[in-house]
Amino acid sequence: MLLGYVLLVGNPWLNRDLQIALSDAESAFRVAGVLLSYPSWHVDVDRVGPFLFWYANVRALLFVALAVAGLARVPRWVSEKEGAGLFVITVGLTTLSAMIAGLGSSVIAVSLLDSRETMPYVGLGQPEEFFLGQVGASATFGVLFGLVLGAVVVMQRRAPAGAKRRVNTPKSFW
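Residues numbered from 1 in each chain as written. Predicted model: local features only at pLDDT ≥ 70, side-chain atom pairs only at ≥ 80, totals over all residues. Heavy atoms only, no water.

Caption draft 1: Representation of the packing of aromatic side chains in the model. If you walk through the whole model with that rule in mind, you get four aromatic pairs. Residues Phe 53 and Trp 54 carry aromatic rings whose centres are separated by 5.2 Å and whose planes lie at 85 degrees to one another, so their mutual orientation is edge-to-face. The structure contains a cluster of three or more aromatic residues connected by ring pairs, namely Phe 63, Phe 141 and Phe 145. (Phe/Tyr/Trp six-rings, centres within 6.5 Å; stacked < 30°, edge-to-face > 60°.)

Caption draft 2: Fine view of helix α5 (residues 50–71). End to end, α5 covers 31 Å across 22 residues, agreeing with the expected 32 Å (1.5 Å per residue, within 8%). Those residues of α5 lying buried are Phe 51, Phe 53, Tyr 55, Ala 56, Asn 57, Val 58, Arg 59, Ala 60, Phe 63, Val 64, Ala 67 and Gly 70. (Helix = DSSP H or I, 4+ residues; strand = E, 2+ residues; numbered from the N terminus. Expected span 1.5 Å × (residues − 1). Buried < 20%, exposed > 50% of the residue type's maximum accessible area, 1.4 Å probe, protein only.)

Caption draft 3: Looking closely at the side chain of Ser 105. Among the secondary structure elements, Ser 105 is positioned in helix α7 (residues 83–112). Within polar-contact distance, the side chain of Ser 105 engages the backbone oxygen of Ala 101 at 2.9 Å. One polar contact links the side chain of Ser 105 to the main-chain carbonyl oxygen of Gly 102, over a distance of 3.1 Å. Aside from chain neighbours lying at most four places away, what touches Ser 105 is Tyr 55, Val 58, Arg 59 and Leu 62. (Polar contact = N/O pair within 3.5 Å; in protein donor to acceptor, adjacent residues only side chain to side chain. Contact = heavy atoms within 4.5 Å.)

Caption draft 4: Molecular detail of the packing of α7 against helix α9 (residues 127–157). Packing of α7 against α9 brings their axes to within 7 Å, and their N-to-C directions diverge by 150 degrees. By the angle between their directions, the pair α7 and α9 is classed as roughly antiparallel. Considering how the two elements wind past one another, α7 and α9 form a crossing that is right-handed. Among the residues forming the contact of α7 with α9, the class breakdown is 20 nonpolar, eleven polar and one charged. (Axes fitted to C-alpha atoms, helices over the stretch in contact; angles between N-to-C directions. Parallel < 35°, antiparallel > 145°, perpendicular 65-115°, else oblique. Left-handed = near helix turned anticlockwise from the far one by under 90°. Nonpolar A, V, L, I, M, F, W, Y, C, P; charged D, E, K, R; others polar.)

In structure tokens, the structure reads:
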């Protein structure tokens, strides 16, 4: 689900259309804007510039890699009966993955690119505002997407209420 979401919503063609549709939206739709714009990735460096190209692509790649690696280990940490624990760990890992990806891609893009390319985004006088903005955007996306992902994971793990457990009968010697 995570990889499909990033590939579908983050693709440059759909994401551009979604951002245009939500650009004049009320504040209630700004939450949706965070969910739709954070996982964006780009294929044309000439259209978005080198900073946004590398920053967004590294962020999407890091987020998917960290989230998949972390979420693959969740079943070892939580038993199947613990729905609340599974939900909290899923939200926490998603948020942590988004924050590490946001800060990591910021540091990588700022350190690898020339200051002329980063100046419109980072600014020469106060780069801490850029990094704090990335922490805020990453945490917001991580919590919002984690809530959705956590609910889906818990619903998938929950056994049907009326179903009986399968009993393994011993095999016959005949």
